[in-house]
Amino acid sequence: MATQHGDVHWSELLTRDTGAARRYFTDLCGWRIQDVPMAEDRPPYLLCEAHGRPVAGIMDMNAPEFEGMEPCWTTFLHVEDVDAACARTIELGGHVLREPFGVEMAGRIAIVTDPTGAVVGLITPNTK
């Protein structure tokens, strides 16, 4: 299912206990969850499917870059140009928490806050 500019594109859970998350969402939502290999030194990404289509991801946050963060869900909004969207976020009173970066199988991503301080992800999806 393709998304367009302004659509909610993806939701992702960051957690230190992917096993508990897998059990919970499998039982609660009936999600089928499969492991997707990451870099050699990283645990697999958990791809969650409902009704035969991907609906969310679960990522292990037991790495130094997540130190001090609480487990959380992040919603990613589809934007046509993530770099331009970051610049516009600043103009509109938000902040860029993580500058745009590429994710091989997903697209170009940034993490920002809106003017109210709420965190949201922005993504320009790969067109493949």
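This is a predicted model, so every value here is computed, not measured.

Peer 1: Sorry, what's going on with the layout of surface pockets here?
Peer 2: In this approach a probe as big as a water molecule rolls over the atoms, and the regions it shows empty are the leftover space. Reported here for the largest pocket is a volume of approximately 1,600 Å³. W10, E12, Y45, A106 and I109 are the residues nearest the centre of the largest pocket, which is lined by 41 residues in total. Where the lining of the largest pocket is concerned, the elements lending two or more residues are β1 (8-15), β3 (45-50), β4 (53-60), β5 (72-78), β6 (95-103), β7 (107-113) and β8 (119-125). Counting residues per element, the lining of the largest pocket draws most heavily on β1, at six residues. The class makeup of the residues in the lining of the largest pocket is 27 nonpolar, seven polar and seven charged.

Peer 1: Honestly, the nonpolar core in this entry has me stumped. Any pointers?
Peer 2: If you look at soluble globular proteins, the nonpolar side chains tend to sit buried side by side. Membership of the largest hydrophobic core comes to 13 residues, with the highest contact counts inside it found for W10, L14, Y45, M59, F66, F76 and I109. Residues within four places of M59 in sequence aside, it is in contact with L13, L14, T15, T18, M38, Y45 and F66.

Peer 1: I tried to follow the sheet that holds β6 on my own but got confused; where do I start?
Peer 2: Strands belonging to one sheet form pairs held by backbone hydrogen bonds; the direction of such a pair is parallel or antiparallel. Across the sheet, which stays open at both edges, the eight strands sit in the order β2-β3-β4-β1-β5-β8-β7-β6 with mixed pairing between neighbours. Among the strands making up the open sheet, the edge pair consists of β2 (32-36) and β6. Between one strand axis and the next, the sheet turns through 25° on average, direction left out of account. In the sheet, β5 pairs with β8 via three bridges, with the strands oriented parallel. Note on β8: the bridge partner recorded for L77 is L122. In the packing of helix α1 (residues 18-29) onto the sheet, contacts are made with β1, β2, β3, β4 and β5, and the angle to β4 comes to roughly 155°.

Peer 1: I keep staring at the packing of aromatic side chains and nothing clicks. Help me out?
Peer 2: Think of a pair of aromatic rings as described by two things: how far the centres are apart, and how the planes are tilted against each other in angle. Following the criterion strictly, the structure yields three aromatic pairs and no others. Residues F25 and W31 carry aromatic rings whose centres are separated by 5.1 Å and whose planes lie at 20° to one another, so their mutual orientation is stacked. Per residue, the accessibility class of F25 equals that of W31, and both read buried. Measuring from centroid to centroid gives 5.6 Å for F25 and W73, while their planes differ by 90°, and the two rings are edge-to-face. A residue pair is termed long-range when its members are at least 10 positions apart, and F25 in helix α1 and W73 in strand β5 qualify at 48 residues. Connected via pairs of aromatic rings, a cluster forms that spans Y24, F25, W31 and W73. In this structure, R98 packs its charged tip against the face of F101, placed 3.9 Å from the ring centre.

The rules behind these values
Residues numbered from 1 in each chain as written. Predicted model: local features only at pLDDT ≥ 70, side-chain atom pairs only at ≥ 80, totals over all residues. Heavy atoms only, no water. 1 Å grid on protein atoms, 1.4 Å probe; cavity = no way out; pocket = protein on both sides within 12 Å on 5 of 7 lines; lining within 4 Å. Points joined across faces, edges and corners; volume = space filled by probe spheres on them. Helix = DSSP H or I, 4+ residues; strand = E, 2+ residues; numbered from the N terminus. Nonpolar A, V, L, I, M, F, W, Y, C, P; charged D, E, K, R; others polar. Core = buried A, V, L, I, M, F, W, Y, C linked by side-chain atoms within 4.5 Å. Buried < 20%, exposed > 50% of the residue type's maximum accessible area, 1.4 Å probe, protein only. Contact = heavy atoms within 4.5 Å. Pairing = 2+ DSSP bridges. Axes fitted to C-alpha atoms, helices over the stretch in contact; angles between N-to-C directions. Phe/Tyr/Trp six-rings, centres within 6.5 Å; stacked < 30°, edge-to-face > 60°. Lys NZ or Arg CZ within 6 Å of the ring centre and 35° of its normal.

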